[in-house]
Amino acid sequence: MSECIFCKIAKGEIPAEMVYENDQVLAFRDLNPQAPVHILVIPRRHIATLNDLDEGDADLMGRLYLAAKRIAADEGIAESGYRTVINCNAGAGQTVFHVHLHLLGGRPMGWPPG
Ligand code: AMP
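Below you will find a few notes about this structure.

Conventions we followed
- Residue numbers restart at each chain and count upward from 1, following the sequence in its written direction.
- At least 70 in pLDDT is required for a residue's local features to be given in this predicted model, at least 80 for side-chain atom pairs to be given and counted, and no such filter applies to totals for whole chains, interfaces and linings, which use all residues.
- With hydrogens and water set aside, each side-chain value is computed from the structure's full complement of heavy atoms.
- Put simply, DSSP H or I for four residues or longer makes a helix, DSSP E for two residues or longer makes a strand, and each gets a number counted from the N terminus.
- In summary, the pairing rule links any two rings of Phe, Tyr or Trp, Trp by its six-membered ring, whose centres are within 6.5 Å, and it sorts them by plane angle into stacked for under 30 degrees, edge-to-face for over 60 and tilted for everything else.
- Accessibility here uses a 1.4 Å probe with only protein chains present; expressed as a share of the type maximum, an area under 20% marks a residue as buried, one over 50% as exposed, and anything in between as partly exposed.
- Nearness of a residue to a molecule or strand requires only that one of the residue's heavy atoms be within 4 Å of it.
- Identification of polar contacts relies on pairs of N or O atoms within 3.5 Å, with a donor-acceptor requirement for protein atoms, meaning one able to donate a hydrogen and the other able to accept it, and with residues adjacent in sequence counted only if both atoms are side-chain atoms.
- All accessible-area figures derive from a Shrake-Rupley calculation using a 1.4 Å probe, and residue coverage is judged against the displayed protein chains alone.
- Basically, the charged four are Asp, Glu, Lys and Arg, the nonpolar ten are Ala, Val, Leu, Ile, Met, Phe, Trp, Tyr, Cys and Pro, and anything else, Gly included, counts as polar.

**Quick notes on the environment of C7**
In step 1: Along the chain, C7 falls in helix 1 (residues 5–10).
In step 2: Distance in space between the C-alpha atoms of C7 and W111 is 32 Å, their sequence separation being 104 residues.

**Considerations on the packing of aromatic side chains**
In step 1: Under the criterion given, the structure shown has 1 aromatic pair.
In step 2: Where F6 meets F28, the ring centres are 5.3 Å apart and the plane angle is 75°; that geometry is what we call edge-to-face. Of this pair, F6 sits in helix 1 while F28 sits in strand 2 (residues 25–29), placing them 22 residues apart in sequence. Both residues of the pair, F6 and F28, belong to the buried class.

**Some words on the site of the ligand**
In step 1: Taken together, the neighbourhood of the ligand is formed by 16 residues, with D30, N87, G93, T95 and H102 sitting nearest.
In step 2: N87 places a polar side-chain atom, nitrogen or oxygen, 2.9 Å from an oxygen atom of the ligand.
In step 3: G93 is positioned with one of its backbone polar atoms (N or O) 2.7 Å from an oxygen atom of the ligand.
In step 4: Bound to the protein, the ligand loses 84% of the 500 Å² it would expose on its own.
In step 5: Mapped by element, the contributors of at least two residues to the shell around the ligand are helix 1 and strand 2.
In step 6: With 3 residues, helix 1 is the largest single contributor of residues to the shell around the ligand.
In step 7: Classifying every residue of the shell around the ligand by side-chain character gives 7 nonpolar, 7 polar and 2 charged.

**Regarding the environment of D59**
In step 1: In this structure, D59 sits in helix 2 (residues 58–75).
In step 2: Here the side chain of D59 touches R63 through a polar contact of 2.6 Å, side chain to side chain.

Right, dumping it as structure tokens:
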């Protein structure tokens, strides 16, 4: 997807503060952080929303969560606690249509989310 901003980050065409990369997944700091730690974990491959996943993406989605776990430890929030969120479609607040997992931590979190 040539117009997708997260595809452009994945290709290095626009800058981001990268915190983790492997062959399938990358993670970078959110431009507009909602917590002291706010990192986006994304697949390199363009998938617009959770609704577009299929059975073949099961391993990839597991890899997003394994990356989040590792980054949470690196950021020092694994023990204090963190939240992972994937918004699906506009009604849930999705604004960038390339699947991304928000990793948020470093402050107390309320529930239910807004
Ligand atoms: P969502 O609302 O779930 O689609 O989340 C999109 C997130 O992407 C928001 O938290 C934005 O602040 C973040 N964002 C948008 N553009 C960039 C960018 N160029 N670099 C880092 N984060 C971005």
